[in-house]
Amino acid sequence: MRAHPAGPRHADVLVPANTAGARPSTSDDLAQLHPGVWPRNAARRADGVVELGGVDVRELAEQYGTPLFVVDEDDFRSRCAEHAAAFGEAGAVHYASKAFLSLDVARWVAEEGLGIDVCSGGELAIALRAGFPVERIALHGNNKSVAELTAAVRARVGAVVVDSYLEIARLDQVAREHGVRQPVLIRVTVGVEAHTHEFIATAHEDQKFGFSLAGGDAAEAARRVLKSEGLRLVGLHSHIGSQIYDADGFEIAAHRVVGLLAELHAEHGADSLADLSTVDLGGGLGIAYTPDDDPPPPARLAEQLREIVRRECAAANLPVPRIAVEPGRAIAGPGTVTLYEVGTTKEVVLGGGAQRRYVSVDGGMSDNIRTALYDAVYDCRLVSRTVEPETGAALSRVVGKHCESGDVVVRDCWLPADLAPGDLLAVAATGAYCYAMANGYNRLPRPAVVAVKDGRARLMLRRETEDDLFRLEASL
Ligand SMILES: Cc1ncc(COP(=O)(O)O)c(C=O)c1O
Ligand SMILES: N[C@@H](CCCC[NH3+])C(=O)O
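Since this is a predicted model, take the numbers as computed values, not measurements. (Residues numbered from 1 in each chain as written. Chains lettered and ligands numbered in written order. Predicted model: local features only at pLDDT ≥ 70, side-chain atom pairs only at ≥ 80, totals over all residues.)

## Side note on the site of ligand 1
Just so we agree on the cut-off: Residue proximity rests on one test: whether the C-beta atom, placed from the backbone, lies within 6 Å of the molecule or strand. Under the convention adopted here, Pro, Cys and the residues Ala, Val, Leu, Ile, Met, Phe, Trp and Tyr are nonpolar, Asp, Glu, Lys and Arg are charged, and Gly plus all remaining residues are polar.
Neighbouring ligand 1 are 16 residues; A96, S242, G283, G328 and R329 lie closest to it. Looking at the shell around ligand 1 residue by residue, the class counts come to 6 nonpolar, 7 polar and 3 charged.

## Comments concerning the site of ligand 2
Lining the immediate environment of ligand 2, one finds K98, S242, R370 and Y433. Tallied by class, residues from the shell around ligand 2 come to 1 nonpolar, 1 polar and 2 charged.

## A closer look at the domain arrangement of the protein chain
Convention followed: For the purposes of this description, domain bounds are those given by an automatic or database domain assignment. Where helices and strands are cited, they refer to DSSP runs of H or I of at least four residues and of E of at least two residues respectively, numbered from the N terminus.
Taken as a whole, the protein chain is organised into domain 1 (27–71 + 334–464) and domain 2 (73–332). With centres defined by C-alpha atoms, the gap from domain 1 to domain 2 works out at 34 Å. Looking at the side of domain 1 that touches domain 2, the elements that each hand over two or more residues are strand 22 (448–453) and strand 23 (456–461). Ranked by residue count, the leading element in the side of domain 1 that touches domain 2 is strand 22, at 4 residues. Here the side of domain 1 that touches domain 2 is composed, by residue class, of 17 nonpolar, 7 polar and 3 charged.

## Considering the nonpolar core
Let me state the cut-off plainly: Each nonpolar core reported here comprises buried Ala, Val, Leu, Ile, Met, Phe, Trp, Tyr and Cys residues connected via C-beta atoms within 7 Å. With C-beta atoms placed from the backbone, a residue is labelled by how many other C-beta atoms lie within 10 Å of its own: buried for 20 or more, exposed for 12 or fewer, partly exposed between the two.
Counting residues in hydrophobic clusters, the biggest one holds 139 residues, and the most contacted among them are I186, L425 and V450. Among the elements that make up this core, the one with the highest residue count is helix 9 (residues 248–268) (8 residues). Lining this core are residues from two domains, each supplying at least three of them: domain 1 (27–71 + 334–464) and domain 2 (73–332).

## Details of the sheet that holds strand 3 (residues 55–56)
Which entries qualify depends on this criterion: By definition, two strands form a pair when at least two bridges between them are found by DSSP.
With antiparallel pairing, 3 strands are arranged side by side in an open sheet as 1-2-3. Each edge of the open sheet carries a strand with a single partner, namely strand 1 (42–44) and strand 3. Two strands pair when backbone bridges link them, and strand 1 and strand 2 (residues 50–52) are joined in this way by 3 bridges, in the antiparallel orientation. Counterpart to A43 in the pairing with strand 2 is E51.

## A short note on the confidence of the model for the protein chain
What counts is decided by this rule: You can read pLDDT as the predictor saying how much it trusts each residue, on a scale of 0 to 100. Once C-beta atoms have been placed from the backbone, residue pairs whose C-beta atoms lie within 7 Å are recorded as contacts.
Chain-level pLDDT for the protein chain is 92 on average; 93% of the residues reach the 70-or-more range. Element-level pLDDT for the protein chain is lowest in strand 11 (residues 199–201), with a mean of 41, against a maximum mean of 99 in strand 4 (residues 68–72). Confidence drops under a pLDDT of 50 for residues 196–204, and excluding neighbours within four residues, the segment shows 17 contacts in the predicted structure. Taken over the whole predicted complex, pTM reads 0.94, whereas the ipTM for its chain interfaces reads 0.99.

## Comments concerning the environment of L114
Examined against the element boundaries, L114 turns out to sit in the loop between helix 4 (103–111) and strand 6 (115–118). Here the alpha-carbon distance between L114 and H83, two residues 31 residues apart in the chain, equals 9.0 Å. Look past the residues within four positions of L114 in its chain and what remains in contact with it is C80, A84, A90, V93, H94, Y95 and V109.

## Some thoughts on the UniProt feature "active site" (unreviewed entry) in the protein chain
The line we're drawing: UniProt positions are given in the numbering used here, feature names are shortened, and annotations may be inferred rather than shown by experiment.
Per the UniProt record, the feature "active site" (unreviewed entry) sits at C403. Structurally, C403 can be placed in the loop between strand 19 (393–399) and strand 20 (408–416).

## Considering the UniProt feature "domain: Orn/DAP/Arg decarboxylase 2 C-terminal" (unreviewed entry) in the protein chain
As annotated in UniProt, the feature "domain: Orn/DAP/Arg decarboxylase 2 C-terminal" (unreviewed entry) corresponds to residues 338–431 in the numbering used here. Segment residues 338–431 splits into 5% helix and 46% strand. End C-alpha atoms: 8 Å apart.

Listed below in structure tokens is the structure:
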């Protein structure tokens, strides 16, 4: 994940090391919604109020309460369409539903023609309930239970990505019991560990996912799948990490996966591998969380990946396989913002006479744990009113209401100096891994999620209520 810079990025000596950048010089700077970071249909009106999908944020807060996840439906769909166009075939793009999943989301993905990745029985159940075309569902996971494998085989999902020898045996048995030859991809650990803007080639492959290439496990997995009666080898799969901006890590991964493909051809011959037509390079395509971030457009990355695989296959004298990818964040992330209401503000004097304003909002690490977990950075703006030109900016830390000092939503940002209780803040690019990782810490209710489109809002997931707190109690 993105790490904090080591020190201050500007020369303002009164300001302690922060990740907010230089103090904005005008109220327009404070108000700006950078188009690379904010949803495609977000706009600030002349009166300073922000509209999302044409809906006034104050109306959204009034009707649905805060914290509130607001999803720009057209933004989400347009990113599906862009990835489909970039990879030349919608079916080659599987939306990684772990980023954010609901019935509506599954239906949007299905309507846009993409496939979907699920990595648990729960995600599979939602995709199936949404009526997602089963042949476009792929099941992932390093420890799928027999019940999950059975549910997948019964549903006739398009693929299972196998992850261990035990699972190959288990899935083979389940498939045979159901009279099915289950298509599978083999998850290969290629020895590339991707970080935010860089990658590190690991000498050893010390992680829980996949079959090691270096150790020969991936080749042995292929032997076992090819020998089995219940399984059909349709692809090789690699996933190198998340929030990646450049193609270098993918290049090494593709090189190594194609190398394995060549080994398999040499060992088994093309006829035995007639169904092995897909190389899935996984997810991990990065997005902009702040105006400084500049991720490549999907079309450029797709072209780079195609070129890499083409080159590697030519060198190995192999037919070029179909390239598949599994973006989660790049589809779900940018189109959603979280709305919060300011509850309290507090000035805290720091060493050297510096001061930091703590702005407490009505959510926190229960609706966005990424800051606490990964030191994630976000863009946060006042969205419910205008800021007068003479109002200055205060270096602020937006914190939640949990009993934990690490309960930070945005570590450093510039907010109007006159920010007050009742103001609405929005945090951008929260569509991926925020609601999905939401939790009930301190028994806070999970927020509602609404979709906005063409000036209308529609509830996707309702807010949890006090009744929900007691739903699981066996002692009522
Ligand atoms: C196998 C696999 N595919 C796809 C993804 C989606 O990643 P991202 O949301 O970064 O695109 C992940 C998560 O990192 C994953 O583990
Ligand atoms: N949950 C992580 C990414 C992990 C992706 C799943 N393999 C995030 O918030 O960025």
